[in-house]
Structures are given as structure tokens and as C-alpha cells.
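# Structural overview
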Amino acid sequence: SRSFGQRVKELEDVSEAISTYAYRACLKLRQQKSFVQGIYVYLESVIDPHTGRRRYYGEALRCPPTQETNLVITYAKTLIQKLYQPKEVYKKCGIV
């Protein structure tokens, strides 16, 4: 997971970030000779910047064992689309 450099509102920006994180995760998996069998994606939004209150969203997906980067990115982006709320301002996203 990583924090965005700035607050993010657009689905396109969140999707781009989760795609990058999924790509990096797949690189690590191949180095370890491991496979994905499930994905958990989450988003963290800022409710009140003055108090620091945040809201967390998460979604999981089981999948057949794979190391295919394009497939993992597709799964991750599908989950992000389920979580995304247009009126939220996001601070962070991640994939496990």
C-alpha cells in the first residue's frame, strides 16, 4: 500500500495506482515462485481533514492460482470499481 502524493478524487487515478501496486506484487510473486489465489484491495478516504478522521473500504476476491500480471491487474481494478465512491476524497489504496 502507499499513500497518494496528493488527495485523489477520480476513479482513473485510483485505478492507475492500484494497477501499479498489482504489477509490483506480481513481480514479487514471480521472484518467490508463488501464485495469487486471492486478492484483497482497499481504499482509505479522508472524512475530515481537520480531525484526521478516515473511512476504509475493502473487498476480496478468490481466483484460480496465477502469476499473470494482466489478470491480477484486471481483478484489482474490478474490485476498486466496486469500492469507489465518487464523492469521497482518497488518501491511500493497497492490494494484498
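For every chain, the first residue of the written sequence is number 1, and numbering continues from 1 along that sequence. Two thresholds apply to this predicted model, a pLDDT of at least 70 for residue-level local features and 80 or more for giving and counting side-chain atom pairs, whereas whole-chain, interface and lining totals are computed over all residues. Calculated side-chain values reflect all of the structure's heavy atoms, with hydrogen atoms and water omitted.

### Regarding the packing of helix α1 (residues 11–31) against helix α2 (residues 69–83)
- As a rule, the C-alpha atoms of each element are fitted with a line to give its axis, helices using only the stretch in contact, and angles between N-to-C directions run from 0 to 180 degrees. A run of H or I in DSSP becomes a helix once it reaches four residues, and a run of E becomes a strand once it reaches two; helices and strands are each numbered from the N terminus. Where α1 meets α2, the axes come as close as 9 Å, and the angle between the chain directions of the two elements is 145°. With respect to the hand of their crossing, α1 and α2 are arranged in right-handed fashion. The segment α1 lies against α2, with Leu-11, Val-14, Ser-15, Ile-18, Ser-19, Ala-22, Tyr-23, Cys-26 and Arg-30 engaging Thr-69, Val-72, Ile-73, Ala-76, Lys-77, Ile-80 and Gln-81.
- Each residue receives one of three labels: charged for Asp, Glu, Lys and Arg, nonpolar for Ala, Val, Leu, Ile, Met, Phe, Trp, Tyr, Cys and Pro, and polar for the others, Gly being one of them. Split into classes, the residues belonging to the contact of α1 with α2 amount to 10 nonpolar, four polar and two charged. By convention the crossing between two helices is left-handed if the near helix lies anticlockwise of the far one by an angle smaller than a right angle, and right-handed if it lies clockwise. Only heavy atoms enter the contact rule, under which two residues are in contact if any of them lie within 4.5 Å.

### Observations regarding α2
- Expected helix span is given by 1.5 Å per residue-to-residue step, counting one fewer step than there are residues. With 15 residues, α2 extends 21 Å between its outermost C-alpha atoms, agreeing within 8% with the 21 Å of an ideal straight helix rising 1.5 Å per residue.
- Relative accessibility thresholds used throughout: buried, under 20% of the residue-type maximum; exposed, over 50%; partly exposed, between the two (1.4 Å probe, protein chains only). Where α2 is concerned, the buried positions are Thr-69, Val-72, Ile-73, Tyr-75, Ala-76, Leu-79, Ile-80 and Leu-83. Viewed along the axis of α2, the buried residues span an arc of 160°, placing them on a single side of the element. For α2, the exposed residues lying more than 90 degrees away from the buried face are Asn-70 and Lys-82. Directions pointing from the helix axis toward each C-beta atom define the arc.

### Digging into the nonpolar core
- In this description, a nonpolar core means a group of buried Ala, Val, Leu, Ile, Met, Phe, Trp, Tyr and Cys residues linked to one another through side-chain atoms lying within 4.5 Å. Formed by 26 residues in total, the largest nonpolar core has its most connected members in Ile-18, Ile-39, Val-41, Leu-43 and Ile-95.
- Elements supplying a minimum of two residues to this core: β1 (2–8), α1, β2 (36–48), β3 (53–66), α2 and β4 (90–95).
- Each residue touching Ile-95, except ones within four places of it in the same chain, is listed here: Ile-18, Tyr-21, Ala-22, Ile-39, Tyr-40, Val-41, Tyr-42, Val-72 and Ala-76.

### Considerations on the side chain of Ser-45
- Note on placement: Ser-45 falls in strand β2.
- Under the relative-accessibility criterion, Ser-45 is labelled buried at 0%.
- Here a polar contact is taken to be a pair of N or O atoms separated by no more than 3.5 Å, where protein atoms must pair a possible hydrogen donor with a possible acceptor and residues adjacent in sequence count only if both atoms sit in side chains. Here the side chain of Ser-45 touches Glu-88 through a polar contact of 2.9 Å, side chain to side chain.
- If sequence neighbours within four positions are ignored, Ser-45 has contacts with Arg-53, Arg-54, Arg-55, Tyr-57, Glu-88, Val-89, Tyr-90 and Lys-91.

### A word on the pattern of salt bridges
- For salt bridges, the criterion is a side-chain nitrogen of Lys or Arg within 4 Å of an Asp or Glu carboxyl oxygen. For the structure shown, the criterion picks out two salt bridges.
- Between Glu-44 and Arg-54 there is a salt bridge, and its shortest N-O distance comes to 3.1 Å. With Glu-44 in strand β2 and Arg-54 in strand β3, this pair connects stretches of sequence that are 10 residues apart.

### Points about the layout of surface pockets
- Put simply, the grid is 1 Å and covers the protein atoms alone, a cavity is a trapped set of points that fit a 1.4 Å probe, a pocket is an open set with protein on both sides within 12 Å along at least five of seven lines, and lining residues have an atom within 4 Å of a point. Grid points are joined across faces, edges and corners, and a volume is the space filled by probe spheres set on the points. Considering only enclosed or pocket space, the second largest pocket measures out at about 160 Å³ in volume.
- Every element with two or more residues in the lining of the second largest pocket is listed here: β1 and α1.
- When its residues are assigned to classes, the lining of the second largest pocket shows four nonpolar, three polar and three charged.

### Remarks on the packing of aromatic side chains
- Aromatic contacts are taken between Phe, Tyr and Trp rings whose centres are within 6.5 Å, Trp giving its six-membered ring; a plane angle under 30 degrees counts as stacked, one over 60 as edge-to-face, and the others as tilted. What the rule picks out here adds up to two aromatic pairs.
- Ring geometry for Tyr-84 and Tyr-90: centres 5.8 Å apart, planes at 35°, overall tilted.
- Owing to a relative accessible area of 14%, Tyr-84 belongs among the buried residues under this scheme.
- Using a relative accessible area of 0% as the deciding quantity, one classes Tyr-90 as buried.

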